[in-house]
Structure formats: structure tokens, C-alpha cells
Amino acid sequence: MSLQDYKGVFVFAQQVDNKISGVSFELIGKAKDLAADLGTEVTAVLLGYNVKDLADKLAEFGADKVIVVDDKALEVYTTEPYTVAMNAVIEQYKPDVVLYGATAIGRDLAPRVSARVHTGLTADCTKLEVDAETKNLHMTRPAFGGNIMATIKCPDHRPQMATVRPGVMQKISPVAGAKAVVEECSVTFEKNNKYVEVIDVIKKVSDKINIQDAKILVSGGRGLGCGENFKMLRDLADALGGEVASSRACVDAGWVEKDIQVGQTGQTVRPNLYIACGISGAIQHLAGMEESDLIIAINKDETAPIFDVADFGIVGDVTKIVPILTEKIKTE
Ligand code: FAD
């Protein structure tokens, strides 16, 4: 079988408790672009138990086709049955490209599948493009501690596989009532081949903020000078109806919790407005926020790289400017 016989852009449609994870919709959005360049269609692979009804949701977000493997063995995620199912789908349908969210599940599943089907895997991609000439996928990811962006190709094997972090790609606006071709794929699971058994699932109760959902982020960096100064960012965020985020420097200094860190080793965000306060704009920070719709930077150094990605910049002392802004917004 030649490489040209592999067709279609497939997305692993991750679901937990019969709810599809947001990253799967984002990947379908990106898969549509890739499929247009490759002259093919987008297929979502839905694995689980009693999940068939979710196919319509995937169609609304752009899937042309949904392949469903519905089996009790897939009720709760464990590595082996999901690997068997994904492997079976790939063997049967021969996709050209397979994308996974770089979630805990995707990061566990994708390497196992790539080993079974003897292909490569590019993890944590930030960019995916089709080479116009060769039609190979160019998969870009940070390398060498984030100091360079490496573009990786998989020219000799199929499928070309990548994981992509949540928040990096953009989902399309859903089309209500859209329908996809739904096909069931039958897979045989070895009953005695249970390496892992889930005995109980204990849900984490968390009151933590999810910065990925915030439309407005006021983000602080080392330029704030101390953890106490995050209070002024909270006031500005409250006045704007937003949330507070931070650079890694502030997390490392113990000023704020890691769950609000933006960047390569933090979260990827794409808010409508990102206000960077006392953040220099290191490449590892930009990797997590440069796709924001509008970026405003406040920095006392007019040569700070953050100004290269900012739509508006204020040169000055952040500890003086932020309270003035907050007061102004409150009185408007
Ligand atoms: P600095 O780079 O120290 O910048 C502080 C800025 O504040 C300066 O530009 C300065 O001019 C300005 N300033 C100082 N005082 C004032 C003032 N009073 N008013 C206004 N401006 C002022 N970083 C992340 O953020 N997220 C990541 O996920 C991440 N992952 C990384 C992964 C790896 C493998 C590595 C090697 C690094 C990573 N980093 C990450 C760290 C990154 O390289 C930078 O060190 C970090 O982003 C710097 O944070 P900062 O901009 O807050 O601090």
C-alpha cells in the first residue's frame, strides 16, 4: 500500500462522562483547514459507551463523518482498550492525518497508538500546515527548552500524527442541525487482557479559576515587584469583568499559583483582551497568549519584546498605571 492510499484527516474526539472535551472541537476546526488543503474530509473518531448521540455535536462543529466504537470496555478511559480501538480504526480506515488533544488522555493514548501502527508522533504542536508541494504535514512545536520552534515532518510513514494543546487552535462557530455520516466500527476487545482496572472515579472538587474560559485577562509579570501587587491586578480584572493570570516568573517566585500561569509550560489562552503588566514577552510566555484578540502591554522598558506582539502599549511604571486605569474604568 502506498502513502497516497491513506486519506482523510481524523480527530480523536475525546469524551469524558459523555461530554466531548473542548479541545476536540478546536482540532476539528483546524482539521477542516488541513482537509481543504489536502482535498479530503474530516472524520471524528468517537470512542466510549453509549456515546452515539454525541455524533451530532461533532457534526455541528465541522466533522463530515463520525466513526463510533461503542463498547462497555470503553466506558471509562484506560490505555489498553482505547489503544486497541484507535488502532483498529486506523488499520481499517487508513487515515492520512490523526490529531489528538494534548490532554492527560491524549498524551497517554497517542504514543501507544503511534508505536502500534509504526508511525511517528509530534507532541504538543502549536502549528499545523500542509506543504503545498509535497502534501506532507508540517508540524511545529517548541524545542530545546522552548528556545526554537522546530518543524517536524513524517514523510515516510502514515498516518501523520500530532497532539495539540488545548486552546491553541480555534473551533468554528457551530452550525445547528448539521449532520455527519455516522459509521460504527466493530472492535474485538480481549476480555482477559486487562492491565488496568478502574475501581472508582473520585471527582476533583475545585474552586480554581479556569483562565482558558476568561474573555479578559489581566496578567502580571516580575515587573510588579512583589506578590502583594497582584491585588491591583485583581482590582483591574474585577472592574473589567475579567480574571488574573501571570507569567512563570511570578509562579516561580511563589507570588501566585501555577494554575494561572500562561505560556509554554502553563496554559494557552486566547481571550478577547490580554493586558500584560510588567511582562517582558519571553518566547515561552508568548507561546501561550500571542493569539489573543487584543493585547495591551504595560512595561517601563520600551524595547521589551512584549511590545512586538502588543496592539497597544503603555511605557511606564505598572504599579502607577494600573490603579489609574482601574479608577478610570470604574468611573466611566
Ligand atoms: P522578566 O523577563 O523578568 O520581565 C519583567 C519585565 O517587567 C521586564 O520587561 C521589565 O522591563 C518590566 N518591568 C520591571 N519593573 C517594571 C515596572 N515597575 N513597571 C513596568 N514594567 C516593569 N515563562 C512564562 O511566562 N510561561 C511559561 O509557560 C514559561 N515556560 C518556560 C519553559 C521553559 C523550558 C523555559 C526555559 C522558560 C519558560 N518560561 C516561561 C520563562 C521565560 O523564559 C521567562 O523567564 C519569563 O516569562 C519571564 O517572566 P516575566 O516577563 O514576568 O519576567
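Everything quoted here is computed from the prediction, not taken from an experiment.

Calculation notes
- Residues numbered from 1 in each chain as written.
- Predicted model: local features only at pLDDT ≥ 70, side-chain atom pairs only at ≥ 80, totals over all residues.
- Heavy atoms only, no water.
- Axes fitted to C-alpha atoms, helices over the stretch in contact; angles between N-to-C directions.
- Helix = DSSP H or I, 4+ residues; strand = E, 2+ residues; numbered from the N terminus.
- Parallel < 35°, antiparallel > 145°, perpendicular 65-115°, else oblique.
- Left-handed = near helix turned anticlockwise from the far one by under 90°.
- Contact = heavy atoms within 4.5 Å.
- Nonpolar A, V, L, I, M, F, W, Y, C, P; charged D, E, K, R; others polar.
- Pairing = 2+ DSSP bridges.

**Student:** Go over the packing of helix α3 (residues 79-93) against helix α4 (residues 104-116), please, and point to the residues and values.
**Tutor:** Helix-helix packing is described using two parameters, namely the angle between the two axes and the distance between the axes. In the contact formed by α3 and α4, the axes pass within 9 Å of each other and the chain directions differ by 50 degrees. For the element pair α3 / α4, the angle class is oblique. Considering the relative orientation of α3 and α4, their crossing is right-handed. In this structure, α3 contributes Thr 79, Glu 80, Tyr 82, Thr 83, Val 84, Met 86, Asn 87 and Ile 90 to the contact, and α4 contributes Asp 108, Leu 109, Arg 112, Val 113 and Arg 116. By residue class, the composition of the contact of α3 with α4 is six nonpolar, three polar and four charged.

**Student:** Outline the sheet that holds strand β6 (residues 97-101), listing residues and values.
**Tutor:** Strands sit in the order β7-β11-β6-β1-β4-β5-β12 across an open sheet of seven strands; the sheet is parallel. In this open sheet, the two strands that pair with only one neighbour each are β7 (121-125) and β12 (181-184). Within the sheet, the average angular offset between the axes of one strand and its neighbour, ignoring direction, is 25 degrees. As paired strands, strand β4 (residues 42-48) and strand β5 (residues 65-70) are joined by six bridges and run parallel to one another. Note on β5: the bridge partner recorded for Ala 44 is Val 66. Those strands touched by helix α1 (residues 22-38) are β1 (9-12), β4, β6 and β11 (160-164), and its axis lies near 175 degrees from that of β1.

**Student:** So what's going on with the sheet that holds strand β14 (residues 243-246)? Residues and values would help.
**Tutor:** Across the sheet, five strands lie side by side as β14-β13-β15-β16-β17; this open sheet has parallel pairing. The outermost strands of the open sheet, each flanked by one partner alone, are β14 and β17 (312-315). Strand-to-strand, the axes of this sheet are offset by a mean angle of 20 degrees, without reference to chain direction. Packing of helix α9 (residues 318-331) onto the sheet brings it into contact with β15 (273-277), β16 (294-299) and β17, and relative to β16 it is tilted by some 130 degrees.

**Student:** An account of the side chain of Ser 219 is requested, with residue identities and associated values reported.
**Tutor:** Its place among the elements puts Ser 219 in strand β13 (residues 216-220). Every residue in contact with Ser 219, bar those within four places of it in the chain, is listed here: Leu 233, Ala 245, Ser 246, Ser 247, Tyr 274, Ile 275, Ala 276, Cys 277, Ile 279 and His 285.

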